[in-house]
Amino acid sequence: MNLETKLLHTAYAKPDAYGALSMPVYNSAAYEFDSAEQMEAAFTGKTSDHTYSRITNPTVQYFEDRIRKITGAASVTALNSGMAAICNTFITIAQAGSNIITSKHLFGNTYSLFVGTLAAFDVETRFCDLTDEKQVESLIDENTCAVYLEIITNPQLEVVDLEKLSKIAKRKSVPLVADTTVIPFCAFNAGKFGVDIEIVSSTKYISGGATSLGGLILDYGTFDWKLSKKLSALAEQQGTNAFTFKLRKEVHRNLGAYMTPQVAYMQTLGLETMELRYQKASTTCLELCSKLQELPQIVCVNHTGLKDNAFYEVAKRQFGDRPGAMFTFDLESREACFKFMNKLNMIKRATNLFDNKTLAIHPASTIFGTFTAQVREEMNVSDNTIRISVGLEDVNDLYADFVQALK
Ligand SMILES: *Cc1c(COP(=O)(O)O)cnc(C)c1O
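Just so it is clear, the structure is predicted and the values come from calculations on it, not from any experiment.

Draft legend 1. Layout of the sheet that holds strand 8 (residues 300-302). Overall, mixed pairing links the 5 strands, which are arranged 8-9-12-11-10 in an open sheet. Each of the sheet's edge strands pairs with one partner strand only, and the pair in question is strand 8 and strand 10 (348-349). Of the strand pairs in this sheet, strand 9 (residues 326-330) and strand 12 (residues 385-389) are connected by 5 bridges, and their pairing is antiparallel. Residue pairing for strand 12: Thr 328 is matched across the bridge by Arg 387.

Draft legend 2. Up close: the site of the ligand. By nearness alone, every residue bordering the ligand is listed as Ser 81, Gly 82, Met 83, Phe 107, Asp 179, Thr 181, Ser 201, Thr 203, Lys 204, Gly 214 and Leu 353. At 2.9 Å from an oxygen atom of the ligand is found a main-chain nitrogen or oxygen belonging to Met 83. Asp 179 is positioned with one of its side-chain polar atoms (N or O) 2.6 Å from a nitrogen atom of the ligand.

Draft legend 3. Fine view of the state of the cysteines. Here the structure, examined in full by the defined rule, presents 0 disulfides. Cysteine Cys 186 is unpaired, with the sulfur of Cys 285 as its nearest cysteine sulfur at 14 Å. Taking relative accessible area as the criterion, Cys 186 reaches 23% and is therefore assigned partly exposed. Cysteine Cys 285 shares no disulfide, and the gap to the nearest cysteine sulfur, in Cys 289, comes to 4.3 Å.

Draft legend 4. Focus on the domain arrangement of the protein. When cut into domains, the protein gives domain 1 (3-270) and domain 2 (275-406). For domain 1 versus domain 2, the distance between C-alpha centres works out to 28 Å. Contacts between the two partners involve 38 residues from domain 1 and, on the opposite side, 32 residues from domain 2. Buried area between domain 1 and domain 2, summed over both chains or domains, comes out near 3,000 Å², and the portion from carbon and sulfur atoms is 64%. Between the two partners, domain 1 and domain 2, sit 2 salt bridges. Residue Arg 317 is joined to Asp 161 by a salt bridge in which the shortest nitrogen-to-oxygen separation is 2.9 Å.

Draft legend 5. A look at the side chain of Asn 99. When you line up the elements, Asn 99 lands in strand 2 (residues 99-102). Given a relative accessible area of 0%, Asn 99 falls into the buried group. Reaching out from Asn 99, the side chain makes a polar contact with the side chain of Thr 144 at a distance of 2.7 Å. When near neighbours in sequence (up to four residues on either side) are disregarded, Asn 99 contacts Glu 124, Arg 126, Asp 141, Asn 143, Thr 144, Cys 145 and Ala 146.

Draft legend 6. Structural view of the environment of Thr 59. Within the secondary structure layout, Thr 59 lies in helix 3 (residues 58-71). Thr 59 gets classed as buried once you look at its relative accessible area, which sits at 1%. Linking Thr 59 and Tyr 278, residues 219 residues apart in sequence, is a C-alpha distance of 25 Å.

Draft legend 7. Molecular detail of the environment of Ala 235. Along the chain, Ala 235 falls in helix 8 (residues 232-238). Once residues within four sequence positions are removed from consideration, Ala 235 is found in contact with Trp 225, Lys 226 and Ala 242.

Draft legend 8. Layout of helix 14 (residues 395-406). Given a rise of 1.5 Å per residue, 12 residues ought to cover 16 Å, and the 17 Å separating the end C-alpha atoms of helix 14 matches this to within 8%. Regarding helix 14, the residues found buried are Val 395, Leu 398, Asp 401, Phe 402, Ala 405 and Leu 406. With its buried residues spanning 125 degrees around the axis, helix 14 presents them on a single face. Lining the buried residues of helix 14 we find helix 10 (261-293), strand 9, helix 12 (334-343) and strand 12. Two or three places before Asn 396, at the start of helix 14, stands the capping residue Asp 394, its side-chain oxygen 2.8 Å from that residue's backbone nitrogen.

Conventions used here
- Residues numbered from 1 in each chain as written.
- Predicted model: local features only at pLDDT ≥ 70, side-chain atom pairs only at ≥ 80, totals over all residues.
- Heavy atoms only, no water.
- Pairing = 2+ DSSP bridges.
- Helix = DSSP H or I, 4+ residues; strand = E, 2+ residues; numbered from the N terminus.
- Near = heavy atom within 4 Å.
- Polar contact = N/O pair within 3.5 Å; in protein donor to acceptor, adjacent residues only side chain to side chain.
- Disulfide = S-S within 2.5 Å.
- Buried < 20%, exposed > 50% of the residue type's maximum accessible area, 1.4 Å probe, protein only.
- Domains from an automatic or database assignment.
- Contact = heavy atoms within 4.5 Å.
- Buried area = accessible area lost by both parts, 1.4 Å probe.
- Salt bridge = Lys/Arg side-chain N within 4 Å of Asp/Glu carboxyl O.
- Expected span 1.5 Å × (residues − 1).
- Arc of directions from axis to C-beta.

What follows is the structure in structure tokens.
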């Protein structure tokens, strides 16, 4: 089956008793057993029966299975937000004394997780330019637990050459962990580009209508965890499954951030139309960017699908000719940005990405608003930039809203 078909026709693990065509929502905290022996077997991991919905749930498992089958990942874990997915991943692989190699150009909460939350547990973050191979290589040492990146940074829209970066990670025996939220599975297969652990905020493309928060951890089973300081002993028994074993049998159970069945249901529906929505939104995005480049009030339009973009070639190689439905543009000043935001009629003033509706935000005063001006500068977040997440509206209606708001 091709991906479009798989998105719809991946079978349930167990057929529903009533033949329900939609995935039933199992809103049950616990599960009943026929005997003490069966109960023992389930609780000690000898069988995979469900015991308690913080650990596994049939509806969530169906969603996880669908993602696993369409991506080719070895295992998938669904959590209740993208941040929970990032946090669970790092608590699985990092310990006091570990370090993470990454760029300063990160999603704001991820940056705060690294420099605040994880730093308090003696996990160090080493920031560098991930496009500079020598710098990356020189920072990796025996305590490095991962090289971490976002495939298109937000709002800077930088793209790292994944083939090059994954070669360095392999040579240095550290896993490559990537947040791929901005390009969905239908346009980008992270496993093929050497990503060992993939993280997705399913709040975005997958949920579609922005109905719910969700996060995914995909383990491609490609990293030899015997090379990991924290997981090497476990890897002697579990092999390439050591990461998922540690995550599922300890970390995610203890942190208690598993996806809920209602959310898994909504996101399974979202997944079924993801490809269609992505085709429409990414095509509109590119068309809109080209039209906006002609407007005199706009200083520059930044989207990696534009031929004049510095990352055009690498983005095309990795994500195809329509790399996502997010772009930014610069106006003359912060005041001009605020005026524009306030004059929008149809486009919504809101955070979030890849809702069905088009959204606009001024990142410097919002997502990055509590950071110091110096940190904002280091993160390359300009006061003159507006970020747009393109939805499913008609391109001419979107353009008209831009034109009137810029008057
Ligand atoms: C939104 C987002 C996150 C966080 O996901 P939540 O579901 O909001 O917790 C992480 N990374 C990127 C790139 C995002 O866009």
